[in-house]
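# Coordinates in review
What follows is the residue order along each chain.
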Amino acid sequence: PFTPRAQKAQKYANAGEWACFERRRHLHSPPDVFDESRRKFDVLEAHSLENSELWDTPFADGEIGAGGHQKVRPQTADGAGADGIFQYASAKAHFFDRFLRADRITKSTRSRPATTESAWAGNSGFSVRDTPTQRRSLVFSPNEDEFQRATLDESMGSFVSSCRLVKIHPSTMGIIRPEADTLRLEYGCITDVRAGAMNDSLRASSAGVRQAYLRSNGLTETGARHLLGALPPDIEAIDLSQNDLGHPLIGSVGLEWCRGIRRLSNLQKLNLSESQLGDVICRALCESLVYCRALTSLNLSGNGIYRAGKDVAVLIRGHKALVDINIHWNLITGENARDVARSLLENFYGGGRLRDADISWNPLGKTAGEETCRLLAETLAENEALTHLDLSECELSSSMCQVLADGLRQNTTLLGLHLQGNEGYLTPRGFIAPLPQVGPAHLDELVRGSCCWICKRWREVRLAYTPGISGPEAKQVWVFTSVDGYMHATKLERH
């Protein structure tokens, strides 16, 4: 009898012959598209709506399938159709099958002569190029206006080479999606390395993407450049918040991702909060957003913006479609703060429709705060489009709040105003009341610094007093409400 060692030696006696057979069959002569490897996902395809013979019951009245059985739609536990689930699983199986085939082709071309490789590349319908690291990728037009997209099959060669080059496992993440119009890669799902590897494949499969959520992945300008370059030009919403995008490289290399936004002409919402942009990146970003004429919502909060506040003001002043601007938790003060305050009014006079502005947690009152508040008061008095304004924690003194109070008395369109953390508070009727001095007795009034119909979801309620029904006949009727803690009475008007 053979010993365990002898059995192992006998098992691998013909290992060299088997390796030769593999090279001959799979490398030099890749199998046909319709070979036995497709059987691994034939079951999934059979579960789809078009091929549902496997999900049949004994025949009855209705459409009769193969074998005299009636076709029925598969159902999930909640009663909904399971066709979408099977199609999603089948798409994943197809993806990995394409990856394996592209891997075979890449290996076979490496073992062929240069002339044979050139002929193969010319007959395959797409061109390839060799880099110093032997990475094979698709050649796309450098013109950004021509957003050329290869098919998913053609992009697999680049994906295979990229994964092998950076030593990562292939993944369907972002390429095969349960929702065709939504790309969701958040909270550490993707890195710069994987973004570069999947660039061509994502470009080939993102034609229907309208929303991209890329929040909190630690992406730098390199990863952002790859992802933005792969998204379609008609995308509507992008979330790149909580990433590390604020470190420009030598020259203008780190600004390329900002310039890549220019081709997104249909972009409507952009969230770049807490991405460490700084002044340099913010300035380049504002110059690029001028080309996004459909932009309605922009969030630049928590990015350490100081000198670039004037560039944000230029964007607000000239962007007519902008509805919501959020620049809270920055360092905007002095001349830059005055430019921002002036732009809110100039947007209205220029035909803009800016309704919501959040400039809280900026030291507006630290340097030349009186002039900034004068411009804000002018905005409150004349801007009829602005309905929501947040000025919380802006280091505004009592005199500055008095200036704002004078401008707010002439306003009849503002529905929400926030003033917490300043030397002033809002009365229950929505007017600003400056505090002559700040002490422990006024801390509760400092906290009560908002009167916002929008955030608190208030609605108008009409109170009526009918003599004989609501109460006895009276010449005057006064009402106390819980809005101000039943402290002040409101006189009802007789109709």
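Report follows, based on the coordinates. Given the structure is predicted, the values throughout are model-derived calculations rather than measurements.

The rules behind each value
- All residue numbers refer to positions counted from 1 along the written sequence of the respective chain.
- Residues qualify for local features only when their pLDDT is at least 70, as the model is predicted, and side-chain atom pairs are given and counted only at 80 or more; totals for whole chains, interfaces and linings, by contrast, use all residues.
- Excluding hydrogens and water, the side-chain values take into account all heavy atoms of the structure.
- As used here, the term nonpolar core means buried Ala, Val, Leu, Ile, Met, Phe, Trp, Tyr and Cys residues forming a set that is joined through side-chain atoms within 4.5 Å.
- For every residue, the accessible area (1.4 Å probe, protein chains only) is compared with the maximum for its type, and the residue is labelled buried under 20%, exposed over 50%, or partly exposed between those bounds.
- Working definition: helices are DSSP H or I runs of at least four residues, strands are E runs of at least two. Numbering for both runs from the N terminus.
- Contact criterion: two residues are considered in contact whenever any of their non-hydrogen atoms come within 4.5 Å of each other.
- One speaks of a salt bridge when a side-chain nitrogen belonging to Lys or Arg is within 4 Å of a carboxyl oxygen belonging to Asp or Glu.
- Lines are fitted to the C-alpha atoms to define the axes, a helix being fitted only along its stretch in contact, and any angle between axes, read from their N-to-C directions, falls within 0 to 180 degrees.
- Any angle from 65 to 115 degrees is called roughly perpendicular, while one under 35 is roughly parallel, one over 145 is roughly antiparallel, and all others are oblique.
- Should the near helix be turned counterclockwise from the far one by less than a right angle, the crossing is left-handed, whereas a clockwise turn marks it as right-handed.
- As a working rule, the residues Ala, Val, Leu, Ile, Met, Phe, Trp, Tyr, Cys and Pro are called nonpolar, Asp, Glu, Lys and Arg charged, and the rest polar, with Gly in that last group.

The next point concerns the nonpolar core. The biggest cluster of nonpolar side chains holds 84 residues, and the ones touching the most others in it are W257, L270 and L300. Element by element, the count of residues in this core is highest for helix α11 (residues 278–289), at 6 residues. Apart from the residues lying within four places of it in its own chain, the contact partners of L300 are L272, L277, C282, L285, I305, V312, N326, I327 and N330.

Under the definition given, this model contains 11 salt bridges. Here E256 makes a salt bridge to R225, at a shortest N to O gap of 3.4 Å. Placement of E256 in helix α10 (residues 256–259) and of R225 in helix α9 (residues 221–230) is noted, with a sequence separation of 31 residues between them. Under the relative-accessibility criterion, E256 is labelled partly exposed at 37%. A salt bridge links D339 to R342; the nearest nitrogen and oxygen atoms lie 3.1 Å apart. Of this pair, D339 and R342 both sit in helix α13 (residues 334–349), 3 residues apart, roughly one helical turn. Residue classification places R342 among the partly exposed positions, given a relative accessible area of 30%. Overlapping salt bridges bring together E371, R374 and E378 as one network.

Between α11 and helix α12 (residues 309–318), the shortest axis-to-axis distance is 9 Å and the interhelical angle comes to 10°. Between α11 and α12, the crossing angle belongs to the class labelled roughly parallel. Between α11 and α12 the crossing geometry is left-handed. Note on element contacts: α12 touches α11 through D311, V312 and L315, opposite C282, R283, C286 and L289. Residue classes in the contact of α11 with α12 are distributed as 5 nonpolar, no polar and 2 charged.

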